[in-house]
Amino acid sequence: MTMALLTAALLMGFFGSPHCLGMCGGIVAAFGLSMKNTSPAKKRGLIATYHLGRLLSYALLGLIAGLIGTAVLAPLMVGNSTPRILLGLVLVFVGLTMLGLPFLNKLERLGMRLWQALSPLRTKVFPLNTVPRALAAGLLWGFLPCGLVYGALLIAVVGHDPLTGAVLMFAFGLGTIPTLVATHETVNWVRHHIGRLRLRQLNGAIMMISGLAVVAVPMVMANMHGHMDHGQMNHEQMNHEQMNHEH
(Lines give C-alpha, C1' and ligand atoms only; values in the text may rest on other atoms or scores of the structure.)
Protein backbone atom coordinates (compact mmCIF):
# COMPACT_ATOMS: atom_id res chain seq x y z
CA MET A 1 0.00 0.00 0.00
CA THR A 2 1.46 3.34 -1.02
CA MET A 3 0.97 6.71 0.66
CA ALA A 4 -0.62 7.94 -2.59
CA LEU A 5 -3.36 5.30 -2.32
CA LEU A 6 -3.96 6.13 1.34
CA THR A 7 -4.19 9.83 0.49
CA ALA A 8 -6.62 9.06 -2.35
CA ALA A 9 -8.93 7.22 0.07
CA LEU A 10 -8.75 10.09 2.59
CA LEU A 11 -9.49 12.78 -0.01
CA MET A 12 -12.24 10.66 -1.52
CA GLY A 13 -13.97 10.63 1.87
CA PHE A 14 -13.46 14.36 2.46
CA PHE A 15 -14.55 15.69 -0.94
CA GLY A 16 -17.35 13.16 -1.28
CA SER A 17 -18.90 13.65 2.17
CA PRO A 18 -20.90 16.84 1.38
CA HIS A 19 -22.68 14.86 -1.36
CA CYS A 20 -23.71 12.24 1.23
CA LEU A 21 -25.25 14.70 3.68
CA GLY A 22 -28.69 13.96 2.26
CA MET A 23 -28.78 10.56 4.00
CA CYS A 24 -26.06 10.85 6.63
CA GLY A 25 -27.26 14.31 7.63
CA GLY A 26 -30.61 12.84 8.66
CA ILE A 27 -28.86 10.22 10.79
CA VAL A 28 -26.68 12.86 12.48
CA ALA A 29 -29.80 14.94 13.18
CA ALA A 30 -31.61 11.94 14.69
CA PHE A 31 -28.59 11.13 16.87
CA GLY A 32 -28.44 14.78 17.98
CA LEU A 33 -32.11 14.80 19.00
CA SER A 34 -31.58 11.56 20.89
CA MET A 35 -28.78 13.19 22.94
CA LYS A 36 -30.51 16.51 23.61
CA ASN A 37 -30.82 15.82 27.35
CA THR A 38 -27.15 14.92 27.86
CA SER A 39 -24.45 17.29 29.05
CA PRO A 40 -22.16 18.91 26.44
CA ALA A 41 -19.10 16.93 27.62
CA LYS A 42 -20.95 13.61 27.50
CA LYS A 43 -22.45 14.51 24.13
CA ARG A 44 -18.97 15.07 22.65
CA GLY A 45 -17.90 11.68 23.97
CA LEU A 46 -20.95 9.97 22.48
CA ILE A 47 -20.39 11.68 19.10
CA ALA A 48 -16.76 10.49 19.06
CA THR A 49 -17.96 7.00 20.00
CA TYR A 50 -20.52 6.60 17.23
CA HIS A 51 -18.08 7.91 14.64
CA LEU A 52 -15.53 5.38 15.91
CA GLY A 53 -18.16 2.68 15.46
CA ARG A 54 -18.79 3.84 11.89
CA LEU A 55 -15.08 3.75 11.07
CA LEU A 56 -14.77 0.28 12.58
CA SER A 57 -17.61 -0.88 10.30
CA TYR A 58 -15.80 0.59 7.30
CA ALA A 59 -12.59 -1.15 8.37
CA LEU A 60 -14.48 -4.45 8.70
CA LEU A 61 -15.95 -4.02 5.23
CA GLY A 62 -12.46 -3.19 3.93
CA LEU A 63 -11.10 -6.32 5.59
CA ILE A 64 -13.78 -8.43 3.87
CA ALA A 65 -13.08 -6.67 0.55
CA GLY A 66 -9.39 -7.42 0.96
CA LEU A 67 -10.12 -11.07 1.68
CA ILE A 68 -12.24 -11.26 -1.48
CA GLY A 69 -9.43 -9.67 -3.43
CA THR A 70 -6.95 -12.16 -2.00
CA ALA A 71 -9.14 -15.16 -2.77
CA VAL A 72 -10.37 -14.14 -6.21
CA LEU A 73 -7.67 -11.92 -7.68
CA ALA A 74 -4.42 -13.15 -6.12
CA PRO A 75 -4.16 -16.30 -8.32
CA LEU A 76 -4.37 -14.05 -11.40
CA MET A 77 -1.68 -11.66 -10.19
CA VAL A 78 1.47 -13.75 -10.02
CA GLY A 79 4.38 -12.45 -12.05
CA ASN A 80 2.42 -10.05 -14.26
CA SER A 81 1.11 -6.50 -14.42
CA THR A 82 -2.53 -7.38 -13.61
CA PRO A 83 -2.52 -5.76 -10.10
CA ARG A 84 -1.32 -2.44 -11.48
CA ILE A 85 -3.78 -2.47 -14.39
CA LEU A 86 -6.72 -3.39 -12.14
CA LEU A 87 -5.84 -0.67 -9.65
CA GLY A 88 -5.58 1.90 -12.44
CA LEU A 89 -8.94 0.89 -13.91
CA VAL A 90 -10.63 1.02 -10.50
CA LEU A 91 -9.22 4.51 -9.87
CA VAL A 92 -10.60 5.63 -13.24
CA PHE A 93 -13.98 4.07 -12.40
CA VAL A 94 -14.13 5.72 -8.97
CA GLY A 95 -13.07 9.03 -10.52
CA LEU A 96 -15.94 8.83 -13.00
CA THR A 97 -18.30 8.07 -10.12
CA MET A 98 -17.12 11.18 -8.26
CA LEU A 99 -17.72 13.17 -11.43
CA GLY A 100 -21.38 12.20 -11.08
CA LEU A 101 -21.87 9.17 -13.31
CA PRO A 102 -24.42 6.85 -11.60
CA PHE A 103 -22.54 3.57 -11.98
CA LEU A 104 -23.23 2.36 -8.44
CA ASN A 105 -26.96 3.17 -8.15
CA LYS A 106 -28.03 -0.47 -8.52
CA LEU A 107 -25.56 -1.51 -5.86
CA GLU A 108 -27.02 1.15 -3.56
CA ARG A 109 -30.49 -0.30 -4.08
CA LEU A 110 -29.20 -3.75 -3.13
CA GLY A 111 -27.56 -2.28 -0.03
CA MET A 112 -30.87 -0.68 0.93
CA ARG A 113 -32.32 -4.16 1.47
CA LEU A 114 -29.66 -4.89 4.09
CA TRP A 115 -30.24 -1.49 5.67
CA GLN A 116 -33.96 -2.21 5.95
CA ALA A 117 -33.22 -5.64 7.43
CA LEU A 118 -31.21 -3.92 10.17
CA SER A 119 -34.17 -1.70 11.09
CA PRO A 120 -35.14 -3.67 14.26
CA LEU A 121 -31.58 -3.32 15.55
CA ARG A 122 -31.47 0.39 14.75
CA THR A 123 -34.50 1.13 16.89
CA LYS A 124 -32.89 -0.54 19.92
CA VAL A 125 -29.93 1.86 20.09
CA PHE A 126 -32.13 4.86 20.92
CA PRO A 127 -31.82 6.95 22.97
CA LEU A 128 -28.07 7.38 22.53
CA ASN A 129 -27.37 7.97 26.21
CA THR A 130 -24.61 5.41 26.83
CA VAL A 131 -21.29 4.57 25.19
CA PRO A 132 -22.33 1.00 24.18
CA ARG A 133 -25.46 2.34 22.48
CA ALA A 134 -23.48 5.02 20.66
CA LEU A 135 -20.91 2.46 19.52
CA ALA A 136 -23.66 0.11 18.31
CA ALA A 137 -25.34 2.99 16.46
CA GLY A 138 -22.09 3.82 14.70
CA LEU A 139 -21.44 0.19 13.77
CA LEU A 140 -24.90 0.00 12.19
CA TRP A 141 -24.43 3.36 10.45
CA GLY A 142 -21.42 1.95 8.62
CA PHE A 143 -23.78 -0.31 6.66
CA LEU A 144 -25.83 2.57 5.26
CA PRO A 145 -25.92 2.07 1.45
CA CYS A 146 -23.71 4.64 -0.23
CA GLY A 147 -22.15 4.66 -3.69
CA LEU A 148 -19.12 6.52 -2.36
CA VAL A 149 -18.46 3.78 0.20
CA TYR A 150 -18.84 1.11 -2.47
CA GLY A 151 -16.35 2.93 -4.68
CA ALA A 152 -13.84 2.97 -1.82
CA LEU A 153 -14.46 -0.74 -1.28
CA LEU A 154 -13.49 -1.42 -4.90
CA ILE A 155 -10.09 0.11 -4.15
CA ALA A 156 -9.85 -2.16 -1.10
CA VAL A 157 -10.64 -5.19 -3.27
CA VAL A 158 -7.86 -4.53 -5.78
CA GLY A 159 -5.46 -4.01 -2.88
CA HIS A 160 -5.95 -7.81 -2.49
CA ASP A 161 -4.74 -7.69 1.10
CA PRO A 162 -7.09 -7.71 4.13
CA LEU A 163 -5.03 -5.36 6.27
CA THR A 164 -4.57 -2.93 3.38
CA GLY A 165 -8.32 -2.97 2.72
CA ALA A 166 -9.11 -2.26 6.39
CA VAL A 167 -6.62 0.63 6.60
CA LEU A 168 -7.84 2.18 3.33
CA MET A 169 -11.47 2.10 4.46
CA PHE A 170 -10.57 3.51 7.88
CA ALA A 171 -8.75 6.37 6.13
CA PHE A 172 -11.76 6.91 3.88
CA GLY A 173 -13.97 7.16 6.97
CA LEU A 174 -11.59 9.65 8.59
CA GLY A 175 -11.99 11.86 5.53
CA THR A 176 -15.76 12.04 6.04
CA ILE A 177 -15.61 13.09 9.70
CA PRO A 178 -14.97 16.86 9.37
CA THR A 179 -18.18 17.43 7.43
CA LEU A 180 -20.31 15.14 9.57
CA VAL A 181 -19.24 16.61 12.92
CA ALA A 182 -19.36 20.25 11.79
CA THR A 183 -22.06 22.66 12.90
CA HIS A 184 -24.91 23.51 10.56
CA GLU A 185 -23.28 26.80 9.56
CA THR A 186 -19.91 25.15 8.89
CA VAL A 187 -21.55 22.39 6.85
CA ASN A 188 -23.23 24.98 4.65
CA TRP A 189 -19.89 26.78 4.21
CA VAL A 190 -18.07 23.55 3.29
CA ARG A 191 -20.87 22.47 1.00
CA HIS A 192 -20.89 25.86 -0.76
CA HIS A 193 -17.15 26.04 -1.31
CA ILE A 194 -16.71 22.41 -2.36
CA GLY A 195 -19.64 22.85 -4.74
CA ARG A 196 -18.58 26.25 -6.04
CA LEU A 197 -14.98 25.24 -6.64
CA ARG A 198 -16.06 21.81 -7.91
CA LEU A 199 -13.52 20.17 -5.61
CA ARG A 200 -15.33 16.84 -5.71
CA GLN A 201 -15.17 16.81 -9.52
CA LEU A 202 -11.56 17.97 -9.39
CA ASN A 203 -10.68 15.09 -7.08
CA GLY A 204 -12.51 12.70 -9.41
CA ALA A 205 -10.52 14.01 -12.37
CA ILE A 206 -7.26 13.63 -10.43
CA MET A 207 -8.19 10.04 -9.57
CA MET A 208 -8.94 9.32 -13.23
CA ILE A 209 -5.62 10.79 -14.35
CA SER A 210 -3.82 8.85 -11.60
CA GLY A 211 -5.49 5.63 -12.71
CA LEU A 212 -4.55 6.19 -16.33
CA ALA A 213 -0.99 6.99 -15.25
CA VAL A 214 -0.80 3.81 -13.15
CA VAL A 215 -1.77 1.78 -16.22
CA ALA A 216 0.09 3.63 -18.97
CA VAL A 217 3.32 5.06 -17.54
CA PRO A 218 5.01 1.71 -16.70
CA MET A 219 4.08 0.44 -20.17
CA VAL A 220 5.63 3.51 -21.81
CA MET A 221 8.73 3.24 -19.63
CA ALA A 222 9.10 -0.46 -20.42
CA ASN A 223 8.72 0.27 -24.14
CA MET A 224 11.36 3.02 -23.96
CA HIS A 225 13.66 0.76 -21.97
CA GLY A 226 13.22 -1.98 -24.57
CA HIS A 227 14.16 0.41 -27.37
CA MET A 228 17.20 1.58 -25.43
CA ASP A 229 18.32 -2.00 -24.80
CA HIS A 230 17.80 -2.82 -28.46
CA GLY A 231 19.82 0.22 -29.53
CA GLN A 232 22.61 -0.65 -27.10
CA MET A 233 22.73 -4.22 -28.41
CA ASN A 234 22.98 -2.94 -31.99
CA HIS A 235 25.77 -0.57 -30.98
CA GLU A 236 27.69 -3.35 -29.23
CA GLN A 237 27.19 -5.61 -32.23
CA MET A 238 28.57 -2.92 -34.56
CA ASN A 239 31.62 -2.45 -32.31
CA HIS A 240 32.20 -6.19 -32.25
CA GLU A 241 31.98 -6.41 -36.05
CA GLN A 242 34.39 -3.48 -36.39
CA MET A 243 36.89 -5.16 -34.08
CA ASN A 244 36.65 -8.39 -36.10
CA HIS A 245 37.19 -6.45 -39.31
CA GLU A 246 40.28 -4.67 -37.91
CA HIS A 247 41.64 -7.97 -36.67
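Details of the overall build of the chain
(1) Moving on: Helices and strands together make up the secondary structure of the chain, namely 11 helices and 0 strands.
(2) Moving on: Along the chain direction, N to C, the helices and strands of the chain fall in the order α-α-α-α-α-α-α-α-α-α-α.
(3) Moving on: Long-range contacts, defined as pairs at least 24 residues apart, comprise 83% of the intrachain contacts of the chain with a sequence gap of at least 6.
(4) Moving on: Carbon and sulfur atoms make up 70% of the accessible area of the chain, which totals about 13900 Å².

A short note on the nonpolar core
(1) Moving on: Met-12, Ile-155, Met-169, Phe-172 and Met-207 are the most contacted members of the largest nonpolar core, which has 26 residues in total.
(2) Moving on: Elements supplying a minimum of two residues to this core: helix H1 (3–16), helix H3 (40–73), helix H4 (82–98), helix H8 (147–158) and helix H9 (162–181).
(3) Moving on: At 8 residues, H8 tops the list of elements feeding residues into this core.
(4) Moving on: Dropping the residues within four chain positions of it, Ile-155 is found in contact with Leu-5, Met-12, Val-90, Leu-91, Val-94, Leu-168 and Met-207.
(5) Moving on: Listed in part, the 16 residues of the second largest apolar core include Phe-31, Met-35, Ala-137 and Leu-180.

Focus: the packing of H3 against H9
(1) Moving on: It is the contact of H3 with H9, at a shortest axis distance of 7 Å, that shows an interaxial angle of 150 degrees. Here H3 is positioned roughly antiparallel relative to H9, judged by the angle of their axes. Between H3 and H9 lies a crossing whose hand is right-handed.
(2) Moving on: For the contact of H3 with H9, a count of residues per class yields 16 nonpolar, 7 polar and 1 charged.

Considering the packing of aromatic side chains
(1) Moving on: According to the stated counting rule, one finds 6 aromatic pairs in the structure shown.
(2) Moving on: Considering the side-chain rings of Phe-14 and Phe-15, the 5.2 Å spacing of their centres and the 70 degrees angle between planes classify their relative orientation as edge-to-face.
(3) Moving on: The partly exposed category is assigned to Phe-14, whose relative accessible area is 28%.
(4) Moving on: Through a chain of ring-to-ring contacts, the aromatic side chains of Phe-31, Tyr-50, Phe-126 and Trp-141 assemble into a single cluster.
(5) Moving on: One residue, Arg-122, lies across the ring of Trp-115, its end atom 4.1 Å from the ring centre.

With respect to unusual backbone geometry
(1) Moving on: The omega angle of the peptide bond from Phe-126 to Pro-127 is -5 degrees, so this bond is cis rather than trans.
(2) Moving on: One can find Pro-127 in the loop between helix H6 (119–124) and helix H7 (131–141).

Here's the deal with H7
(1) Moving on: Restricting attention to buried positions, one finds in H7 the residues Ala-134, Ala-137, Gly-138, Leu-140 and Trp-141. Seen along its axis, H7 keeps its buried residues to an arc of 160 degrees; they face one direction.

Brief notes about the confidence of the model for the chain
(1) Moving on: For the chain, per-residue confidence averages 78 on the pLDDT scale, and 75% of positions sit at 70 or higher.
(2) Moving on: Confidence, expressed as mean pLDDT per element, reaches its minimum in the chain at helix H10 (residues 184–196) with 60 and its maximum at H7 with 93.

Side note on the environment of Ile-47
(1) Moving on: Its location among the elements puts Ile-47 in helix H3.
(2) Moving on: Ile-47 sits in the partly exposed class, given a relative accessible area of 23%.
(3) Moving on: Separated by 81 residues in sequence, Ile-47 and Leu-128 place their C-alpha atoms 9.4 Å apart.
(4) Moving on: Once residues within four sequence positions are removed from consideration, Ile-47 is found in contact with Met-35 and Val-181.

Topic: the packing of H1 against H9
(1) Moving on: One can describe the packing of H1 onto H9 by two numbers: an axis separation of 6 Å at closest approach and a directional angle of 35 degrees. Remark: the crossing between H1 and H9 carries right-handed chirality. Across the interface between the two elements, Leu-5, Leu-6, Ala-9, Leu-10, Met-12, Gly-13 and Phe-14 of H1 pack against Val-167, Leu-168, Ala-171, Phe-172, Leu-174, Gly-175, Thr-176, Pro-178 and Thr-179 of H9.
(2) Moving on: In terms of residue class, the contact of H1 with H9 is made up of 12 nonpolar, 4 polar and no charged.

Parameters at a glance
- Residues numbered from 1 in each chain as written.
- Predicted model: local features only at pLDDT ≥ 70, side-chain atom pairs only at ≥ 80, totals over all residues.
- Heavy atoms only, no water.
- Helix = DSSP H or I, 4+ residues; strand = E, 2+ residues; numbered from the N terminus.
- Contact = heavy atoms within 4.5 Å.
- Areas by Shrake-Rupley, 256 points an atom, 1.4 Å probe, with all protein chains shown as cover.
- Core = buried A, V, L, I, M, F, W, Y, C linked by side-chain atoms within 4.5 Å.
- Buried < 20%, exposed > 50% of the residue type's maximum accessible area, 1.4 Å probe, protein only.
- Axes fitted to C-alpha atoms, helices over the stretch in contact; angles between N-to-C directions.
- Parallel < 35°, antiparallel > 145°, perpendicular 65-115°, else oblique.
- Left-handed = near helix turned anticlockwise from the far one by under 90°.
- Nonpolar A, V, L, I, M, F, W, Y, C, P; charged D, E, K, R; others polar.
- Phe/Tyr/Trp six-rings, centres within 6.5 Å; stacked < 30°, edge-to-face > 60°.
- Lys NZ or Arg CZ within 6 Å of the ring centre and 35° of its normal.
- Arc of directions from axis to C-beta.
- pLDDT = per-residue confidence, 0-100.

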